[in-house]
Amino acid sequence: AEMLRSQAAKYIARGVLQQWARDAAVLSLKDLRKEIETAGTDPLTLARNLHKPVVVVLRRLAALPELGAGLVVCDRSGTVIFRKSVEGFTVPRHGACCPLWPLFGALAQTGMVVTETVMQLGRAQAQFECFATSETQSAPSYNALPLVQAVMVLLPAPAGAGQGRSMGSTCRVCPQEGCSARREPSILSSGV
């Protein structure tokens, strides 16, 4: 693509496209849509019924445009390496994300599936059902920690889902006062 001018952009795009191709080979959107018709969008139910890894189901759910889902992927350091935006949930392009996101909870135990209804503080105040898990990215080797990625899909919460947990996008622009996870002051309360 002409927009990918730098070597870094090409490298990142190649990795994303290779992951999409691997996921498509494991689970077609046609099969996923068919299962959603009978089982709904719960990722664990879909993974069990389709006999597919939860992490693949999460990424494939985000590939269905009709669901209006967002997707965030981070590496073991917590650095966001992929984002698919969804209206009402901001993923910062620079700097650290809110540590309260289920995405980061999933890094604590590889393979555990975390779910939570969340509402990001700000203008939109939209609620999302978040599902997150992490997976090992590298083959085991002696005396080396495995490379891990965490994946979080954000599905619009159904009407009547109840009050979601409030969280920010990043500390610098989060209005939440008294947050135990705050790592720096907010410019909204303390000024620039």
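Going by the structure above, here's the rest.
Here goes a summary of the coordinates provided. Keep in mind it's a predicted model, so treat the numbers as computed, not measured. (Residues numbered from 1 in each chain as written. Predicted model: local features only at pLDDT ≥ 70, side-chain atom pairs only at ≥ 80, totals over all residues. Heavy atoms only, no water.)

**Examining the overall build of the protein chain**
Secondary structure assignment for the protein chain yields six helices and six strands. Taken from N to C terminus, the helices and strands of the protein chain fall in the order α-α-α-α-β-β-α-β-β-β-β-α. Taking 16 Å as the expected radius of gyration for a compact globule of 192 residues, we find that the protein chain reaches 17 Å, a close match to that expectation. With the principal axes as the frame, the protein chain shows a C-alpha extent of 50 × 45 × 40 Å. (Helix = DSSP H or I, 4+ residues; strand = E, 2+ residues; numbered from the N terminus. Rg over C-alpha atoms; globule rule 2.2 N^0.38 Å.)

**Considering the sheet that holds strand β4 (residues 127-136)**
As summarised here, the arrangement of the six strands in space is β2-β1-β5-β4-β3-β6, forming an open sheet in which the pairing is mixed. Both edges of this open sheet fall to β2 (80-84) and β6 (165-167), since each of them pairs with a single strand only. Taking the axes of each pair of neighbouring strands and ignoring which way they run, one obtains an average angle of 30° across the sheet. Summarising the sheet, strand β3 (residues 114-120) and β4 pair through six bridges and their orientation is antiparallel. Directly across from T115, in β4, lies its bridge partner F131. Contacts from helix α4 (residues 54-62) reach β1 (70-75), β2, β4 and β5 (148-156) within the one sheet, and its direction differs from that of β4 by about 135°. (Pairing = 2+ DSSP bridges. Axes fitted to C-alpha atoms, helices over the stretch in contact; angles between N-to-C directions. Contact = heavy atoms within 4.5 Å.)

**Considering the packing of helix α2 (residues 29-39) against helix α3 (residues 43-50)**
The geometry of α2 relative to α3 is characterised by a closest axis approach of 10 Å and an angle of 115° between their N-to-C directions. Like other packed secondary-structure pairs, α2 and α3 cross with a definite hand, here right-handed. In this structure, α2 contributes D31, L32, E35, I36 and A39 to the contact, and α3 contributes T45, L46, N49 and L50. Partitioned by chemical class, the residues of the contact of α2 with α3 number five nonpolar, two polar and two charged. (Left-handed = near helix turned anticlockwise from the far one by under 90°. Nonpolar A, V, L, I, M, F, W, Y, C, P; charged D, E, K, R; others polar.)

**Observations regarding helix α1 (residues 7-26)**
An α-helix turns once per 3.6 residues; consequently, residues spaced three or four apart project the same way. Between the first and last C-alpha of α1 there are 29 Å, a value that for 20 residues agrees with the 28 Å anticipated at 1.5 Å per step. When we look at burial in α1, the residues that qualify are A13, V16, Q19 and D23. Seen from one end, α1 has its buried residues packed into an arc of 125°, which puts them on one side. Residues of α1 that are exposed and point more than 90 degrees away from the buried face comprise Q7, Y11, L17 and A25. The secondary structure elements touched by the buried residues of α1 are α4 and β2. (Expected span 1.5 Å × (residues − 1). Buried < 20%, exposed > 50% of the residue type's maximum accessible area, 1.4 Å probe, protein only. Arc of directions from axis to C-beta.)

**Concerning the pattern of salt bridges**
Within the structure shown, the criterion is met by four salt bridges. One salt bridge connects R59 with E135, and the closest N-O pair in it is separated by 3.0 Å. Taken together, the residues R59 in helix α4 and E135 in strand β4 connect sequence positions 76 residues apart. Residue classification places R59 among the buried positions, given a relative accessible area of 10%. Between R165 and E116 there is a salt bridge, with the nearest N and O atoms lying 3.2 Å from each other. Within this pair, whereas R165 is found in strand β6, its partner E116 is found in strand β3, the two being separated by 49 residues in sequence. Look at the salt bridges and you will find they share partners, linking D23, R59 and E135 into a network. (Salt bridge = Lys/Arg side-chain N within 4 Å of Asp/Glu carboxyl O.)

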